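# Architecture and fold: a report
These are the residues of each chain, in order.
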Amino acid sequence: MKPTGVLMVGSVPGASAQEVFTNLTAALPGRFEAVPDGETGERHNYIGWQMQRFPREALREKLGGIPLPESGSGSGLPAFTLEDIKPTAYDEAALSSYSEFKRLRQQNIIPSNVRFQICLPSPYNVLIGHIKPELINAIEPLYEQRLAETLDRIVAEIPHDDMVIQWDLCFEMMALEFEQGRLTDTWHRPYFSSPGGVLQGLVDRVARLCERIPKDVKIAFHLCYGDLGHKHFVEPRDMSLLVEFANALLAREIIGPRTEWIHLPVPKERMDSDYFSPLTGLKLDSSGSKPPYVYLGLVHADDEAGTKQRIETAQASVPFPFGVATECGLGRTPLEDIDSILRICKEVTAEHL
């Protein structure tokens, strides 16, 4: 039996949200629960466009930041206020794209049962990716406030039953791998200390933002190992750490009962049952009356045979149905690979009932 449904993780090449919506729904009829706007324009490079929200002295020098001034607060570091952190503008992008989404749905280009997918990086990703480590703890509550303002506007202006907010969690996975000693680059060292350890500290941060989202708004998660230069920061041993993080998220009352889906990556070369077997420990039933759907990121360009083999291995290894996806967003993927990916996604899946 074919897997049911396809998830577009987030970014998709296109000149506009209209182009992305139109191309995706035409290429993959009946496959989507929700569809993203492709993160086109200045958002194409994941969190890169958020650098301009911060003062230059806060940015890592490798990213164009300037050295810290000699004077500052009593700690010897500069002090920041909310006025120093510009609004995220994710709300502007979401509302603009939702307007186009509605227009295309009125024209029956987007099916009436497909919702608008809003993909957001957690503050942890933006901060550890851009900010000098010694300044992150001071800036974190300020940027969290800006993202909370973004969420407030989104949920005020988009009908709650017409959207899914997907949290993109990449550097969280790297923090967990760093804790296990599998990453040595100190860029990935968690900047916080938590009595419950790194895992609890990461989940606490996600939960804080979810508390800002009304409970009738569905949420989702994309767990990621990175796509810098189309390579992972580190290759996962198997799905054990992904499952551990997913279970910790779903165990939270503010998160689990309204989680719509979880996306987990599958490297191209992993066709073995050892990689998938930890999925038997994924605690979906404890999260609510409707368990989250799982999308496995096992589709790789120009590899239909390998994709089918990964599906076959996964189906023999896990006790629940799943849909398919790529490992990460496609915003920086060559157009010829996009055509291959969409064709494979259609070939290997069935439509949602």
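Read on for a plain summary of the structure. Keep in mind that what you see is a predicted model, and the values were worked out from it rather than measured.

Criteria and thresholds
- Each chain has its residues counted from 1, following the order in which its sequence is written.
- Per-residue local features of the predicted model are confined to residues with pLDDT of at least 70, and side-chain atom pairs are confined, for both listing and counting, to 80 or more; whole-chain, interface and lining totals are unaffected and use all residues.
- With hydrogens and water stripped out, all remaining heavy atoms of the structure feed into the side-chain values.
- Runs of E in the DSSP output that reach at least two residues are strands. Runs of H or I that reach at least four are helices, and both are numbered from the N terminus.
- It is over C-alpha atoms that the radius of gyration is taken, and the globule rule equals 2.2 Å times the number of residues to the power 0.38.
- A 1.4 Å probe rolled over the protein chains alone gives each residue an accessible area, and that area as a share of the maximum for its type sets the label: buried under 20%, exposed over 50%, partly exposed in between.
- We call two residues in contact whenever any of their non-hydrogen atoms come within 4.5 Å of each other.
- Per-residue and other accessible areas follow the Shrake-Rupley method at a 1.4 Å probe size, with only the shown protein chains counted as cover for residues.
- By nonpolar core we mean a set of buried residues, namely Ala, Val, Leu, Ile, Met, Phe, Trp, Tyr and Cys, connected to one another through side-chain atoms within 4.5 Å.
- The span one expects for a helix is its residue count, reduced by one, times 1.5 Å.
- In what follows, salt bridge is the name for a side-chain nitrogen of Lys or Arg lying within 4 Å of a carboxyl oxygen of Asp or Glu.
- Side-chain rings of Phe, Tyr and Trp, where Trp is taken by its six-membered ring, are said to pair if the distance between their centres is within 6.5 Å; with planes under 30 degrees apart they count as stacked, over 60 as edge-to-face, and otherwise as tilted.
- Pairs of cysteine sulfur atoms within 2.5 Å are identified as disulfides in what follows.
- Strand pairing is assigned whenever DSSP detects at least two bridges linking the two strands.
- Note on geometry: axes are C-alpha line fits, over the in-contact stretch for helices, and angles between N-to-C directions span 0 to 180 degrees.

Let us now look at the overall build of the protein. A tally of helices and strands in the protein yields 10 helices and 7 strands. Taken over C-alpha atoms, the radius of gyration comes to 20 Å for the protein, in line with the 20 Å a tight globule of 353 residues would show. Judged by the C-alpha coordinates and their principal axes, the protein covers about 65 × 45 × 40 Å. In the protein, buried positions account for 58% of the 353 residues. Pairs at least 24 apart in sequence give 80% of the contacts found in the protein among residues at least 6 apart. Total accessible area on the protein stands at roughly 14,700 Å², and carbon and sulfur atoms take up 50% of it.

Among the nonpolar cores identified, the biggest contains 109 residues, and W167, F245, L279 and L296 are the most heavily contacted of them. When neighbours within four sequence positions are excluded, L296 is seen to be in contact with M239, L264, V266, F276, L279, A314, F322, G323, V324 and A325. Counting 9 residues, the second largest nonpolar core, distinct from the first, contains L7, V9, A34 and W261.

Attention shifts here to helix α2 (residues 90-106). One turn of an α-helix holds 3.6 residues; hence residues three or four places apart share an orientation. For α2, spanning 17 residues, the distance from its first C-alpha to its last is 24 Å, which sits close to the expected 24 Å at 1.5 Å a residue. Of all the positions in α2, only Y90, D91, A93, A94, L95, S97, Y98, E100, F101, L104 and R105 are classed as buried. For α2, the elements touching its buried residues are α1 (17-27), β1 (34-36), β2 (115-121) and α4 (133-157). Of the residues flanking the end of α2, it is N108, one or two places downstream, whose phi is positive at about 65°.

Attention now goes to the pattern of salt bridges. With the rule as written, the count across this model stands at 22 salt bridges. Here R103 and E100 are joined by a salt bridge, their closest N and O atoms 2.3 Å apart. Taken as a pair, R103 and E100 lie in helix α2 at a separation of 3 residues, close to a single helical turn. Between R182 and E177 there is a salt bridge whose closest N-O contact spans 3.0 Å. Judged by its relative accessible area of 2%, E177 falls in the buried class. Look at the salt bridges and you will find they share partners, linking E33, R115, E260 and K290 into a network.

Within the fold, A325 resides in the loop between β7 (322-324) and α10 (335-348). You can call A325 buried: its relative accessible area is 0%. For A325, the residues in contact, after removing those within four places along its chain, are L7, V9, H263, Y295, L296, G297, L298 and V299.

With that settled, the discussion passes to the packing of aromatic side chains. How two aromatic rings sit relative to each other is given by the distance of their centres and the angle of their planes. Applying the stated criterion across every chain, the model contains 14 aromatic pairs. Here Y98 and F101 contribute two aromatic rings whose centre-to-centre distance is 5.9 Å and whose plane-to-plane angle is 20°, an arrangement assigned as stacked. Of this pair, Y98 and F101 are both found in helix α2, 3 residues apart, which corresponds to roughly one turn of the helix. For Y98, a relative accessible area of 5% gives the class buried. Owing to a relative accessible area of 0%, F101 belongs among the buried residues under this scheme. Seen in terms of ring centroids, Y124 and F192 are 6.1 Å apart; in terms of plane orientation they differ by 75°. Their pairing is edge-to-face. Of this pair, Y124 sits in helix α3 (residues 123-130) while F192 sits in the loop between α5 (171-179) and α6 (197-210), and the two are 68 residues apart along the sequence. For F192, a relative accessible area of 10% translates into the label buried. These aromatic residues form a ring-pair network of at least three members: F21, Y98, F101 and F116.

Turning our eyes to something else, we now look at the state of the cysteines. Enumeration according to the criterion identifies 0 disulfides in this entry. Of all cysteine sulfurs in the structure, the one in C328 sits closest to C119, which takes part in no disulfide; the separation is 11 Å. The class of C119 is buried, set by a relative accessible area of 9%. Free cysteine C210: the closest other cysteine sulfur is in C119, separated by 14 Å. Assessed through its relative accessible area of 0%, C210 is described here as buried.

The strands making up a sheet associate through hydrogen bonds between their backbones, and the pairing can be parallel or antiparallel. What the 7 strands build is an open sheet, ordered β1-β2-β3-β4-β5-β6-β7; its pairing is parallel. At either margin of the open sheet sits one strand with a lone partner, and together these are β1 and β7. Strand-to-strand, the axes of this sheet are offset by a mean angle of 30°, without reference to chain direction. Strand direction decides the pairing type here: β1 and β2, joined by 3 bridges, are parallel. Pairing of A34 across the sheet is with R115, part of β2.

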